[in-house]
Each structure stands twice: as C-alpha cells, then as structure tokens.
Amino acid sequence: GLTITSFFFRTTFATLSSFIGMKKLLLLTLLTSGAFAATTATLNLTGTIAPVVEIEINGASSASATVDLLDKTAQSVATVTETSNDADGYDITISSANSGSLNNGAADSATYTLGYGGSSYNLSSVATVDNAGVVGSTDRAVTVTVTDARTDAFDFASGSYTDTVTFEITAK
C-alpha cells in the first residue's frame, strides 16, 4: 500500500511540476517573442492643394474703360491679373464681341488693336496667349490703340462707340 501511494504521489507531483514548468516556458516565450512587438512602423502622409485658375480685370470680374477715338497711341485701359497653380501652365483667350471694332450701333465703327502684356492683337478673330509652365500670379497691362485712320471728330458719327472684350483663362 505504501509503495502505490508513494508512486501516485511522485507521478502526480512530476505531472504538476511539468505543467507549471510548461506554463512558465510559454509565458516566457510570449514575453520575449517578436510576434507581438514590431520594430518599425509606417505613417503615410498626404497633402492636397486645390487647383486655382482665375482671371480678374482691375481686381474684379468686369471693368469699364473710356477710349479716346482721336488718340492713335496706346491708351492704358486696364490691368488683368492671371492666377494659376497648374504646373503645365495655362492659356488666355481674348475675344471681341465686335471683332476688334468699337461700334456706334449701325451708324459707324472704329477699329483698334489690343495690347496685352506687351504684345499687340488684332481681335478680328480670337487671340490665344500661351503661358506654358507659368505658375503663380501675373499682372498684364491692357492697352487699346485706335487704328482707324480718321483724326477729326467731325469724321465720326456722334454717339457712344462700344465693344466687349472677354478674357478667359484655361489650365493646360
């Protein structure tokens, strides 16, 4: 009887000791294992800038100017501000409602050229100004040079002579 009890006690103690030792080993393995702790981490950052493509005349979306039909020199009439952040640049199109003429209804007209940023444009058709690769804000002087040959007021029909010039900016 004593031998069986002694054998049972030894076997139970040995099994219990093995179990406790395995728990310690498992706990130690979990604590020292790299499976739960990374050595590097990555943070991806993204920033966005909205596109800006704008044009203004004298700081507004529209403006008016008076032209002296008898003055044949370049008359300063406006400043156009072009603004774009498109890396490819932008185009400016310039068009005239009366194809480059100041009209007095059906009674009379006077032709002119438009100076824009130092270049001269005959607006009988749409003019395109190429600004490839230009980024930022640029001011352009606008002038009108009356090209009509008449030099005396009595050569013109009385009344107002008008035209509408449209500037449009388009990203490339």
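The preceding data block contains the structure.
**Student:** Could you give an account of the overall build of the chain, with specific residues and numbers?
**Tutor:** If you tally the helices and strands in the chain, you get one helix and nine strands. Along its sequence from the N terminus, the chain presents helices and strands in the succession α-β-β-β-β-β-β-β-β-β. Sorting the 172 residues of the chain into buried and exposed places 24% on the buried side. Partitioning the contacts of the chain with sequence separation of at least 6, the portion at a separation of at least 24 is 82%. Surface summary for the chain: the accessible area is close to 11,600 Å², and the carbon and sulfur share equals 59%.

**Student:** Explain the environment of Ala50 to me, using residue names and the numbers behind them.
**Tutor:** Within the element layout of this structure, Ala50 appears in the loop between α1 (2-32) and β1 (53-57). Overall, Ala50 belongs to the exposed group, its relative accessible area being 53%. The spacing of Ala50 and Asp86 is 36 residues in sequence and 9.8 Å in space, taken between C-alpha atoms.

**Student:** Give me the lowdown on the nonpolar core, citing residues and values where you can.
**Tutor:** Here is a general trend for soluble globular proteins: nonpolar side chains tend to be buried in one another's company. Core analysis: the largest hydrophobic core is formed by 24 residues, its most contacted members being Ile94, Leu114, Tyr116, Val142 and Phe167. Per-element tally for this core: the top contributor is strand β5 (residues 108-116), with four residues. Setting aside its immediate chain neighbours within four residues, Ile94 contacts Leu114, Tyr116, Leu123, Ser125, Val126, Ala127, Val129, Val165, Thr166 and Phe167.

**Student:** Explain the sheet that holds strand β7 (residues 127-132) to me, using residue names and the numbers behind them.
**Tutor:** Reading across the sheet, the three strands line up as β7-β3-β9 and stay open at both edges, with antiparallel pairing between neighbours. Each edge of the open sheet is held by one strand with a lone partner, namely β7 and β9 (165-171). Between one strand axis and the next, the sheet turns through 15° on average, direction left out of account. One ladder, built from seven bridges, connects strand β3 (residues 89-96) with β9; its direction is antiparallel. Counted as the bridge partner of Ser96 is Val165 from β9.

**Student:** Describe the side chain of Asp148, listing the residues and the values that go with them.
**Tutor:** Within the element layout of this structure, Asp148 appears in the loop between β8 (136-146) and β9. Residue classification places Asp148 among the buried positions, given a relative accessible area of 12%. Non-local contacts of Asp148, meaning those with residues more than four positions away in its chain, are made with Lys72, Ser109, Ala110, Thr111 and Phe156.

**Student:** Any chance you could break down unusual backbone geometry for me, citing the residues and the numbers?
**Tutor:** Its identity as a non-glycine residue notwithstanding, Asn58 has a phi of 50°, on the positive side. Tracing the sequence through the fold places Asn58 in the loop between β1 and β2 (75-84). Look at Ser99: it is not a glycine, yet its phi comes out positive at around 55°. Positionally, Ser99 belongs in the loop between β3 and β4 (101-104).

**Student:** Before we move on, can you summarise the pairing of β3 with the specific residues and values?
**Tutor:** As defined by bridge partners, β3 adjoins β7 across six bridges and the pair is classed as antiparallel. Bridging from a neighbouring strand, Tyr90 pairs with Asn131 of β7.

**Student:** Could you give an account of the packing of aromatic side chains, with specific residues and numbers?
**Tutor:** Applying the stated criterion to the full structure yields two aromatic pairs. For the ring pair Phe156 and Tyr161, a centre distance of 6.0 Å and an interplane angle of 90° mean the geometry is edge-to-face. Assigned by exposure class, Phe156 and Tyr161 land together as buried.

The rules behind the values
Residues numbered from 1 in each chain as written. Predicted model: local features only at pLDDT ≥ 70, side-chain atom pairs only at ≥ 80, totals over all residues. Heavy atoms only, no water. Helix = DSSP H or I, 4+ residues; strand = E, 2+ residues; numbered from the N terminus. Buried < 20%, exposed > 50% of the residue type's maximum accessible area, 1.4 Å probe, protein only. Contact = heavy atoms within 4.5 Å. Areas by Shrake-Rupley, 256 points an atom, 1.4 Å probe, with all protein chains shown as cover. Core = buried A, V, L, I, M, F, W, Y, C linked by side-chain atoms within 4.5 Å. Pairing = 2+ DSSP bridges. Axes fitted to C-alpha atoms, helices over the stretch in contact; angles between N-to-C directions. Phe/Tyr/Trp six-rings, centres within 6.5 Å; stacked < 30°, edge-to-face > 60°.

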